[in-house]
Amino acid sequence: MCGRYAITLAKEAMAQLFEAVPANDLPEIPNFNVCPTVQVHTVRSAEGIRSLAPMRWGFLPHWYKTPTDGPLLINARAETIAEKPAFRAACRERRCLIPASGFYEWTKDEDGKRLPWYIHPADADTLVFAGIWQDWERDGEQFRTCALVTTGAEGEMKTIHHRMPVILAPQDWPLWLGESGHGAATLMRAAPEGSLRFHRVDPAVNSNRASGPELIEPIDPT
């Protein structure tokens, strides 16, 4: 799964990268500890126009009576996304891009202590996660919500975690956004071997209240 990430790309640069119209209420950048249930940057496409806008990270199916009426759905498994009632309509009709600078995963040492790792692109400044989104409204509350699509990890990434986010290359963005026909399901695969790098970071990031650029700095694991 992916439950925490960082984003450092400036809003103006993000809008330019995706050729998207930015909203006025985008979350503050940088954020080195993006956590579930907060507003995150997303890109979606409608009638040929891309928009860069915030969504709540935590997908809310329409049958939830409150935002906490069921499990917190921050990830959607690629293997079952087309079958799960919560996600199947969104994976066909409401796909989005979720930019990040890198993401965190955890291993455990022999004593069961959680050891955080920061995973980032080998040759770029920005990762782009495949996402799905859903509008939710009930009793005067309304949210536009999203989840990251995940798949099985391969290669060296499996030494960190058995799952990883689906990461989209720029040439795949139009297909995922529904701008260039059908076949988005073919994109739900692990990132190519060698496209990601990872290093140990300070356990301070284990807290969702931690902040600052030091969270992504390498530490000596010994």
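A few points on the structure. (Residues numbered from 1 in each chain as written. Predicted model: local features only at pLDDT ≥ 70, side-chain atom pairs only at ≥ 80, totals over all residues. Heavy atoms only, no water.)

In this section: the nonpolar core. Ranked by size, the top nonpolar core spans 63 residues in total, and within it Tyr5, Leu97, Phe103, Phe129, Ile132, Val149 and Trp176 carry the most contacts. Top element by residues in this core is strand E10 (residues 127–138). It accounts for 7 residues. Once you skip the residues sitting within four places of it in the chain, tryptophan 176 turns out to touch Arg95, Cys96, Leu97, Ala130, Gly131, Val149, Leu168, Ala184, Leu187 and Met188. Within the second largest apolar cluster, 10 residues are counted, among which are Ala6, Phe32, Tyr118 and Val205. (Core = buried A, V, L, I, M, F, W, Y, C linked by side-chain atoms within 4.5 Å. Buried < 20%, exposed > 50% of the residue type's maximum accessible area, 1.4 Å probe, protein only. Helix = DSSP H or I, 4+ residues; strand = E, 2+ residues; numbered from the N terminus. Contact = heavy atoms within 4.5 Å.)

Okay, the packing of aromatic side chains next. One pass over the structure, following the stated rule, counts 9 aromatic pairs. Plain terms: the ring middles of tyrosine 5 and phenylalanine 129 are 5.7 Å apart, the flat faces sit at 85 degrees to each other, and that makes the pair edge-to-face. Of this pair, tyrosine 5 sits in strand E1 (residues 5–7) while phenylalanine 129 sits in strand E10, and the two are 124 residues apart along the sequence. On the accessibility criterion, tyrosine 5 (2% relative accessible area) is buried. Residue classification places phenylalanine 129 among the buried residues on the basis of a relative accessible area of 0%. For the pair tyrosine 104 and tyrosine 118, a centre-to-centre distance of 5.3 Å together with 50 degrees between the ring planes defines the contact as tilted. (Phe/Tyr/Trp six-rings, centres within 6.5 Å; stacked < 30°, edge-to-face > 60°.)

Turning to the pairing of E10, a few remarks are in order. Counting buried residues along E10, 9 of its 12 residues qualify, which places the element largely inside the surrounding structure. Sheet topology note: the strand E7 (residues 95–100)/E10 ladder contains 6 bridges and is antiparallel. Paired with leucine 97 across the strands is alanine 130, a residue of E10. The pairing of E10 with strand E11 (residues 141–152) spans 8 bridges and is antiparallel. Each residue of the ladder has a partner; that of aspartate 135, found in E11, is arginine 144. Between the end of E10 and the start of E11, which pair antiparallel, lie 2 residues, with aspartate 139 showing a positive phi angle near 55 degrees. (Pairing = 2+ DSSP bridges.)

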